[in-house]
Amino acid sequence: MHIAIIGCGQLARMLALAGIPMGLKFSFIAQAEEDSRCVEGLGSIVRWQPGKSTECLYHELGRPDRITAENEQANTSLLNGLQAYCPIHPNPQAFSICQDRHREKQLLESLDIPCADYIVCQGNDSHLDKLSLSAVAKSCRGGYDGKKQWVLKRRQDVESFMRQANREHYIVEQWVPFDREVSQISVRDINGTIFHYPLTENQHQQGILRQSMAPAIEIPEKIISAAHDYISRILAELDYVGVMAMECFALNDRLLVNELAPRVHNSGHWTQSGSATCQFENHLRAISELPLGSTKSLGITGMVNLIGTEKPPLNALTIESSLHWYDKIVRPGRKLGHINILSEDYHSLLQQMRSLHLGRG
Ligand SMILES: Nc1ncnc2c1ncn2[C@@H]1O[C@H](COP(=O)(O)OP(=O)(O)O)[C@@H](O)[C@H]1O
Ligand SMILES: [Mg+2]
């Protein structure tokens, strides 16, 4: 079985690293300017730019059996074109919804799934004057790791957003005073069977995921069953095949969905150490139409992102941890690797996570 992945970043790398032991072969589709260091040596890399025919691309890739993507911003005309040659999982409709925050909100509303109140606007709309604060403006397309977002706490923030924003579409969402951020990672196979990983608790700083812990502790049963119910309805509605991540805000015993990712996700990296089958392998099993693997957890797992770290921090490894280094060009604020820690003891886990943060200053 040969799988082509659209994108050449760390998620593509970890998908390939999970599939190679199963005898899967990989190739990668890179955008014209895309850095492909993460996947070098893992399969052939083919450059694509609009204008190149999808037939030619498909043949250059070596005629894969399945195509998937590591990024929800995958070009939809590319996805639609490639669909003529082999199955694409998740399907292009899932990508086109998840790459536009407004369409994603409309999907949630149509399924009666709670999310933060919002309005849709262009940056210079006059009705922004009446907005109740605090709020957060997010470009409908293209944002990640908190990019293309404005936190609006005071009137001056709204004015500066209106000055800086261009004419693209934004959603402006009410600020959610959440207790905790959690994510649900689940996988659906071609027959509609869904397996859920335990709910993960996530900590973000400046919009970037810093660390995760799973299973999230002391979470009301009501939140867990809401997470399973919401994601199951979304997956079924989209006739989705593969792994999906649903990022949420937990507020007392209520769950609000923040955003969806139609792919493997940073908040599921802990599954590499902490689950019987990791998210990468389960995504590959689902899209290859193989039986899913167990999502049972093996202990309490923590994941710490290495952001802007210059070298692989091999000396930070402990008896309970493992390092994943992406081989990307080092830049401040960039995710360059992560460390997973699998522990039986919650306190020792927290201590190790804290010392990783301290060790990196
Ligand atoms: N409405 C909101 N209320 C409070 N915090 C928010 C809100 N929207 C986003 N955030 C914070 O910003 C982070 C990044 O926003 P998100 O919508 O997930 O965008 P991205 O695609 O950049 O991950 C969230 O994980 C959360 O910590
Ligand atoms: Mg997010």
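Just so you know, these numbers come straight off a predicted model, no measurement behind them.

## Topic: the sheet that holds strand β3 (residues 44-48)
Strand order across the open sheet formed by four strands is β3-β2-β1-β4, with parallel pairing between neighbours. With one partner strand each, in any of the chains shown, β3 and β4 (66-69) form the two edges of the open sheet. Pairs of neighbouring strands in the sheet enclose a mean axial angle of 25°, with direction left out of account. Across the sheet, helix α9 (residues 279-287) is in contact with β1 (2-6), β2 (25-31) and β4; its angle to β4 comes to roughly 140°.

## Comments concerning the domain arrangement of the protein chain
Structurally, the protein chain comprises domain 1 (2-88), domain 2 (117-174) and domain 3 (180-359). Inter-centroid distance (C-alpha atoms) of domain 1 to domain 3 is 23 Å. Each partner contributes to the interface: domain 1 provides 20 residues, whereas domain 3 provides 23 residues. Carbon and sulfur atoms make up 63% of the surface buried where domain 1 meets domain 3, a total of about 1900 Å² over both sides. Viewed at the interface, domain 3 and domain 1 are joined by three salt bridges. Among the salt bridges present, the one from Arg 66 reaches Glu 289, with a minimum N-O distance of 3.3 Å. Across the contact surface, domain 1 and domain 3 share seven residue pairs in polar contact (both at pLDDT 80 or more). At the level of secondary structure, the elements contributing two or more residues to the side of domain 1 that touches domain 3 comprise α1 (10-19) and β4. Top contributing element to the side of domain 1 that touches domain 3 by residue count: α1, with seven residues. In terms of residue class, the side of domain 1 that touches domain 3 is made up of ten nonpolar, four polar and six charged.

## Topic: the site of ligand 1
The environment of ligand 1 is made up of 20 residues, and the closest members are Lys 138, Gly 146, Glu 173, Val 176 and Glu 181. At a separation of 2.8 Å, an oxygen atom of ligand 1 approaches a polar side-chain atom of Gln 149. Relative to its unbound accessible surface of 540 Å², ligand 1 loses 93% to contact with the protein. Contributing elements (two or more residues each) for the shell around ligand 1: β6 (135-139), β8 (169-174), β13 (242-251) and β14 (254-261). Residue classes in the shell around ligand 1 are distributed as six nonpolar, seven polar and seven charged.

Definitions and limits used
- Residues numbered from 1 in each chain as written.
- Chains lettered and ligands numbered in written order.
- Predicted model: local features only at pLDDT ≥ 70, side-chain atom pairs only at ≥ 80, totals over all residues.
- Heavy atoms only, no water.
- Pairing = 2+ DSSP bridges.
- Helix = DSSP H or I, 4+ residues; strand = E, 2+ residues; numbered from the N terminus.
- Axes fitted to C-alpha atoms, helices over the stretch in contact; angles between N-to-C directions.
- Contact = heavy atoms within 4.5 Å.
- Domains from an automatic or database assignment.
- Buried area = accessible area lost by both parts, 1.4 Å probe.
- Salt bridge = Lys/Arg side-chain N within 4 Å of Asp/Glu carboxyl O.
- Polar contact = N/O pair within 3.5 Å; in protein donor to acceptor, adjacent residues only side chain to side chain.
- Nonpolar A, V, L, I, M, F, W, Y, C, P; charged D, E, K, R; others polar.
- Near = heavy atom within 4 Å.
- Areas by Shrake-Rupley, 256 points an atom, 1.4 Å probe, with all protein chains shown as cover.

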